[in-house]
Amino acid sequence: MQTNTNKKSSTFSDTKKDFKIAWQLLKDNYKAFIGTEIFAVLAFLLTLFVLGSILMIIVALIPSISLSDFFGQVSDNFGISRVFRMLIGLIAISIFYAFLNSQHGLAYDIMSSGEMFAEFKNSFTYFKRFWWQYPLLSFALFILNGFFSVVFRMGGSGPPIFHDITIDFVQIVFMIGEVILFFIWFILFIHAFPSLTSQGNFKQSYIESIRIIKSNPKRIISTWGTYFLIFIVPIITIGILAEVYGFIFLYVLFGIVFILIIMFGFPMLSLIAHGIYNNVEFQRFKPESKE
Amino acid sequence: MSKNTNINSTEKQEIQEIKDKLIITDSSLVLIVLHDKKKLILEHLLEKDMTIQDLRQTIGLNPGTIKRHLDDLKKHNLVFESRIEKNDYNITMKYYRAVAKSFKISIQIP
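Residues numbered from 1 in each chain as written. Chains lettered and ligands numbered in written order. Predicted model: local features only at pLDDT ≥ 70, side-chain atom pairs only at ≥ 80, totals over all residues.

### Looking at the overall build of chain A
1) Next: Helix and strand counts for chain A stand at twelve helices and zero strands.
2) Next: Going through the 291 residues of chain A one by one, you find that 28% of them count as buried.
3) Next: Across chain A, contacts joining residues at least 24 apart in sequence account for 70% of those joining residues at least 6 apart. (Helix = DSSP H or I, 4+ residues; strand = E, 2+ residues; numbered from the N terminus. Buried ≥ 20, exposed ≤ 12 C-beta atoms within 10 Å, placed from the backbone. Contact = placed C-beta atoms within 7 Å.)

Right, dumping it as structure tokens:
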């Protein structure tokens, strides 16, 4: 009985420590993290602009193609519209994810390099090293949300709260189920990011991520459960309320919470994930030599 | 027993042992040692080893600036990485130390 109580308090104190240290490190290095996020958004917008400009040039040069071929609901031009929209979205979001997840590299600099600080310019080093791995890991992490969008919300392309659906009990149950399933998926694969950054191999990062949850389930559930309660559950709740009641202030609140998540939630995620990766006991792969 | 060593910028030997005194005879090294911030950093590393965070708290410089000066001092064999430790949260901490407990500049012309 005494042992159980100790274990519980130990798990909770580990979680408390994960958050406390991550927050402290974020405060000391916020410029590097915020800079990386701003750059990720700018890179995303710039990619859209560049691809849009290329499109304009194509339309101007080829008389048989018009803008409606690219953005129309139904394309008359061999499905070019659908392919183009998918391609433009894929390229822009991949660049965004590659830059955003360079924050895991910054977390590595702070916690594992020995220097104990991060600089914005180092994001580019990690972008260069993991330009395809980071987006792939992100797509794999959010694939479940995409699946729910397709299966349960025909025609919807994002979370339910952002679309014109009629909220009823069954849908709310589905949403809760989606959050729980996403949580399980999330804790299985989130440690692939610090693993990839530390040891450098894409396939091994997934294996290490699974090993981490297998060897330390209580701590992982406790820490990431707390993270979900702080950063994920509020925005989903506000989103549902905004959709149900339609008050403008709820949408404004949703926007504010969203910005706070971008500013604090993502950097905290990378720092917590790296902290857990460094602290838990599991069988590790040997790091690949860096160029 | 004082152990004095001469050093110039072309020497690439690994210095791990802390000398009592280092006599600098190379004019290019003089400029480095007398650089305001580098001198400040070096002064703090004469008696004990410190991390970049320790130095930041003590002298108030940006850690990136400290790192760049340390790299420069390291390149010229004036400081070295004395040890690497992990704290109770397994954060890796790299310690730096000056290669000598005091530095003396000695330039002779011609």
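### Side note on the overall build of chain B
1) Next: Across its full length, chain B carries four helices and five strands.
2) Next: Mapped from its N terminus to its C terminus, chain B presents α and β elements in the order β-β-α-α-α-α-β-β-β.
3) Next: A buried classification covers 25% of the 110 residues belonging to chain B.
4) Next: Counting contacts in chain B only where the partners sit at least 6 residues apart, residues at least 24 apart contribute 53% of the total.

### Concerning the confidence of the model for chain A
1) Next: Of all residues in chain A, 81% attain a pLDDT of 70 or more, and the chain-wide mean is 84.
2) Next: Across residues 154–162 of chain A the pLDDT falls below 50, and counting only partners more than four positions away or on other chains, this stretch makes 14 contacts in the model. (pLDDT = per-residue confidence, 0-100.)

### Digging into the interface of chain A and chain B
1) Next: With 13 residues of chain A at the interface, the matching set in chain B holds 13 residues.
2) Next: Within the residue set of the side of chain A that touches chain B, elements represented by two or more residues are α1 (2–28) and α12 (248–279) of chain A.
3) Next: Ranked by the residues each element gives to the side of chain A that touches chain B, the list is headed by α12(A), at three residues.
4) Next: Classifying every residue of the side of chain A that touches chain B gives four nonpolar, six polar and three charged. (Nonpolar A, V, L, I, M, F, W, Y, C, P; charged D, E, K, R; others polar.)

### Points about the confidence of the model for chain B
Residues and elements named next belong to chain B.
1) Next: For chain B, per-residue confidence averages 85 on the pLDDT scale, and residues scoring 70 or more make up 85% of the total.
2) Next: The low-confidence segment residues 8–15 (pLDDT under 50) makes eleven contacts with residues lying over four places distant or belonging to another chain.
3) Next: Across the interfaces of the predicted complex, the ipTM metric reaches 0.78, alongside a pTM of 0.83.

### Things to note about the nonpolar core
1) Next: The biggest cluster of nonpolar side chains holds 62 residues, and the ones touching the most others in it are A:Ile110, A:Ile272 and B:Val79.
2) Next: A per-element tally of this core places α12(A) first, with seven residues.
3) Next: Excluding residues within four positions of it along the chain, A:Ile110 makes contact with A:Leu25, A:Asn29, A:Met116, A:Phe117 and A:Ala118. (Core = buried A, V, L, I, M, F, W, Y, C linked by C-beta atoms within 7 Å.)

### As for the packing of helix α5 (residues 102–111) of chain A against helix α6 (residues 122–129) of chain A
Residues and elements named next belong to chain A.
1) Next: Their axes nearest at 8 Å, the elements α5 and α6 cross at an angle of 120°. Considering the angle they form, α5 stands oblique to α6. Handedness of the crossing formed by α5 with α6: right-handed. Contacts from Ser102, Gly105, Leu106 and Asp109 in α5 reach Asn122, Ser123, Thr125, Tyr126 and Phe127 in α6.
2) Next: Looking at the contact of α5 with α6 residue by residue, the classes come out as three nonpolar, five polar and one charged. (Axes fitted to C-alpha atoms, helices over the stretch in contact; angles between N-to-C directions. Parallel < 35°, antiparallel > 145°, perpendicular 65-115°, else oblique. Left-handed = near helix turned anticlockwise from the far one by under 90°.)

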